[in-house]
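Survey of secondary and tertiary structure
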Amino acid sequence: MLRYDASVAAADSAGSGPKLIDISAPLHEGLVTWPGVVERFDRSLVASIDAGDAMTVSHLHLGAHAGTHIDAPCHFLAGAGGIETVRLDALLGPAYVVEVPVGARVITAEVLQAADVPAGTTRLLARTANSGWSRSTAKFREDYVAFDASAAQWCLDRSMVLVGIDYLSVEAFNADEDGFPVHRALLGAGVAVLESLDLDGVAAGVYELTVLPLLVPGADGAPARAVLRAT
């Protein structure tokens, strides 16, 4: 699968204009999802011009956490709100893409501290060895790079409003053993959790982020399109 070049749509006829980078995972039938829980994406045609119909119409079937998506508070917090309660202002604005060293298998507070994240950063996207996953045929991998509880606290101490990761979850595969501390800490503090990005080829630095989930009131999460604009 190829990444959609959003800059083509944004550029004017002279070839100038903002440089846009689509960091969404392209939805396709082979896209890996969380095993045993999240339904894979499927698109079926119910009408087709090629088949002689007057129009082409598709049915889409997917889990709320398939592909690039935002987690809602109720995903992990009993009695919390659905996707409609996620602050829109958290999803739009300056974001810093931090490049996690290739050798780092866990994103800790120490890793983030050493990354020289600019003071005042309130939206953090982690580019790790995970990136490139969405355009490959690889199966789900349990050893993906993720945040630990110390990194979540590091983000909270700096008043982050959004934290994103370039794989299916912000925390480790076996996080259930510890009660999902990263999700609970971030969602409990009102931080938007953005998962399943693909930051392959995106340089570390400051960008303008736009990410908007589908409005499905009450849902525990929703697919989203995520785009960076170079500043």
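Look up a bit, the structure's there.
For the structure given in this document, a descriptive report is provided here. Counting restarts for each chain, with residues numbered from 1 along the sequence as it is written. Totals for whole chains, interfaces and linings use every residue, but because this is a predicted model, local features are given only for residues with pLDDT of at least 70 and side-chain atom pairs only at 80 or more, for both listing and counting. Think of the side-chain values as coming from all heavy atoms in the structure, minus any hydrogens and water.

1. What to know about the side chain of Asn130
Segments assigned H or I by DSSP are reported as helices when at least four residues long, segments assigned E as strands when at least two residues long, and all are numbered from the N terminus. By the element assignment, Asn130 lies in the loop between strand S7 (123-127) and strand S8 (146-147). When a residue's accessible area, from a 1.4 Å probe over protein chains only, is under 20% of the maximum for its type it is buried; when over 50% it is exposed; and in between it is partly exposed. Assessed through its relative accessible area of 8%, Asn130 is described here as buried. Between N or O atoms, a polar contact is any pair within 3.5 Å; within protein, one atom must be a potential hydrogen donor and the other a potential acceptor, and residues adjacent in sequence are included only when both atoms are from side chains. In this structure the side chain of Asn130 is engaged in a polar contact, spanning 2.9 Å, whose partner is the side chain of Thr128.

2. Remarks on the nonpolar core
With 28 residues, the main nonpolar core has Ile107, Leu112, Leu124, Phe147 and Trp154 as its most contacted residues. Within the residue set of this core, elements represented by two or more residues are strand S5 (92-99), helix H2 (109-114), S7, helix H3 (149-157), strand S9 (162-165) and helix H4 (181-188). A per-element tally of this core places H3 first, with four residues. Excluding its chain neighbours within four sequence positions, the residues that come into contact with Ile107 are Val100, Leu112, Ala126, Thr128, Val145, Ala146, Phe147, Asp148, Ala151 and Ile165. We call a set of buried Ala, Val, Leu, Ile, Met, Phe, Trp, Tyr and Cys residues a nonpolar core when their side-chain atoms join them within 4.5 Å. Membership of the second largest hydrophobic core comes to 26 residues, among which are Ala95, Leu125, Leu162 and Leu209. Only heavy atoms enter the contact rule, under which two residues are in contact if any of them lie within 4.5 Å.

3. Here we look at the packing of aromatic side chains
Stacked, edge-to-face and tilted are the three classes for Phe, Tyr and Trp ring pairs, Trp counted by its six-membered ring, which pair at centre distances within 6.5 Å; planes under 30 degrees apart are stacked, over 60 edge-to-face, the rest tilted. Under the definition given, this model contains nine aromatic pairs. Here Trp34 and Phe140 contribute two aromatic rings whose centre-to-centre distance is 5.2 Å and whose plane-to-plane angle is 70°, an arrangement assigned as edge-to-face. Remark: Phe140 occurs in the loop between S7 and S8 and Trp34 occurs in the loop between strand S1 (20-22) and strand S2 (42-47); sequence separation between them is 106 residues. A centroid spacing of 5.5 Å and a plane angle of 55° characterise the contact between Phe140 and Phe173, whose relative ring orientation is tilted. Of this pair, Phe140 sits in the loop between S7 and S8 while Phe173 is found in the loop between S9 and H4, placing the two residues 33 residues apart along the sequence. Through a chain of ring-to-ring contacts, the aromatic side chains of Trp34, Trp133, Phe140, Tyr144, Tyr167 and Phe173 assemble into a single cluster.

4. Brief notes about the pattern of salt bridges
Put simply, a salt bridge is a Lys or Arg side-chain nitrogen that is within 4 Å of an Asp or Glu carboxyl oxygen. In total, this model carries six salt bridges according to the counting rule given. Note that Asp89 is salt-bridged to Arg87, the shortest N-O span being 3.0 Å. Of the residues examined, Asp89 reaches a relative accessible area of 44% and is grouped as partly exposed. For Asp200, the salt bridge identified is with Arg135, shortest N-O distance 3.4 Å. Residue Asp200 is found in the loop between strand S10 (192-195) and strand S11 (205-213), and its partner Arg135 is found in the loop between S7 and S8; the two are separated by 65 residues along the sequence.

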